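Structural overview
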Amino acid sequence: MNQLQICAEEKVDGYSMTESLIRHLRQGILLVEDTYTIQVALKMMLKRLGVKVDSVSNGKEAFEYVRQNQYALILMDISMPVMDGINSTLLIREWENEHEMEPSTILAITNCLNYEEKCLAAGMNDFFEKPMTQEHLKVIIEKWAPALMTSESNASRSSGIK
């Protein structure tokens, strides 16, 4: 069995993932969550899925990280101190537009369904309710894989962050 076949057959904690999905997800996810215990739990679950994760505690920090790094996916809490997820998403979208960048995939994670319309209006791609299980995270990642792959191929053609 060659290296490519081994990678294509890789299982992470019993979950089969395609080679391209694994390669793409290792580019990283930005987790934006202010509650420490939730942040630690989600980060641990994502790492079990073989995903590189950076984490921050508020929307202002998220915006600064996005300006310096490219992420395959951003999981954004809504209600946070300093700057909430809605305003952070608006800033990220404005910055991406100003710099003619491919929009990041930003998914809202919250424990209140009343924010769904606001999240989508701010430019988030989807909306998910907490609490989240590892299986739920796996489904979310697999659901967004096609959109992420499109972003990856466009990003590889660009000269990087401007």
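Look a little higher up for the structure.
As a starting point, this report considers the structure included with it. (Residues numbered from 1 in each chain as written. Predicted model: local features only at pLDDT ≥ 70, side-chain atom pairs only at ≥ 80, totals over all residues. Heavy atoms only, no water.)

**As for the pairing of strand 5 (residues 73-77)**
Where burial is concerned, most of strand 5 is hidden: five out of the five residues are buried. Neither face of strand 5 is left uncovered, since the one carrying L73, L75 and D77 and the one carrying I74 and M76 both have all their residues buried. One ladder, built from four bridges, connects strand 3 (residues 29-32) with strand 5; its direction is parallel. Directly across from V32, in strand 5, lies its bridge partner M76. Of the pairings in the sheet, the one linking strand 5 to strand 6 (residues 106-110) comprises four bridges and is parallel in character. What sits directly across from L75, in strand 6, is L107. A crossover connection joins strand 5 to the parallel strand 6 through helix 5 (residues 85-98); in handedness this β-α-β unit is right-handed. (Buried < 20%, exposed > 50% of the residue type's maximum accessible area, 1.4 Å probe, protein only. Helix = DSSP H or I, 4+ residues; strand = E, 2+ residues; numbered from the N terminus. Pairing = 2+ DSSP bridges. Right-handed = clockwise from strand over helix to strand, strands pointing away.)

**Looking at helix 4 (residues 59-68)**
By the burial criterion, the buried members of helix 4 are G59, A62, F63 and V66. Axial view of helix 4: buried residues confined to an arc of 100°, hence all on one face. Elements in contact with the buried residues of helix 4: strand 3, strand 4 (53-56), strand 5 and helix 5. One side-chain oxygen of the residue at the start of helix 4 lies 2.9 Å from the amide nitrogen of K60, identifying that residue as N58. (Arc of directions from axis to C-beta. Contact = heavy atoms within 4.5 Å. Polar contact = N/O pair within 3.5 Å; in protein donor to acceptor, adjacent residues only side chain to side chain.)

**With respect to the nonpolar core**
With 21 residues, the main nonpolar core has L30, V32, I74, M76, C119 and M124 as its most contacted residues. For this core, the secondary-structure elements that each account for two or more residues are strand 3, helix 4, strand 5, helix 5, strand 6 and helix 6 (116-122). L42, L49, L73 and L137 belong to the second-largest nonpolar core, a separate cluster that totals 18 residues. (Core = buried A, V, L, I, M, F, W, Y, C linked by side-chain atoms within 4.5 Å.)

**Here's the deal with the pattern of salt bridges**
In total, this model carries seven salt bridges according to the counting rule given. Ionic pairing is found between D77 and K130, a salt bridge with its closest N-O pair at 3.3 Å. Here K130 lies in the loop between strand 7 (126-129) and helix 7 (134-157) and D77 lies in strand 5, a separation of 53 residues in the sequence. Neither residue differs from the other here; D77 and K130 are each classed as buried. Here K143 and D126 are joined by a salt bridge, their closest N and O atoms 2.7 Å apart. With a gap of 17 residues between them, K143 in helix 7 and D126 in strand 7 connect regions that are remote in the sequence. Salt bridges sharing common partners tie together E33, D77 and K130. (Salt bridge = Lys/Arg side-chain N within 4 Å of Asp/Glu carboxyl O.)

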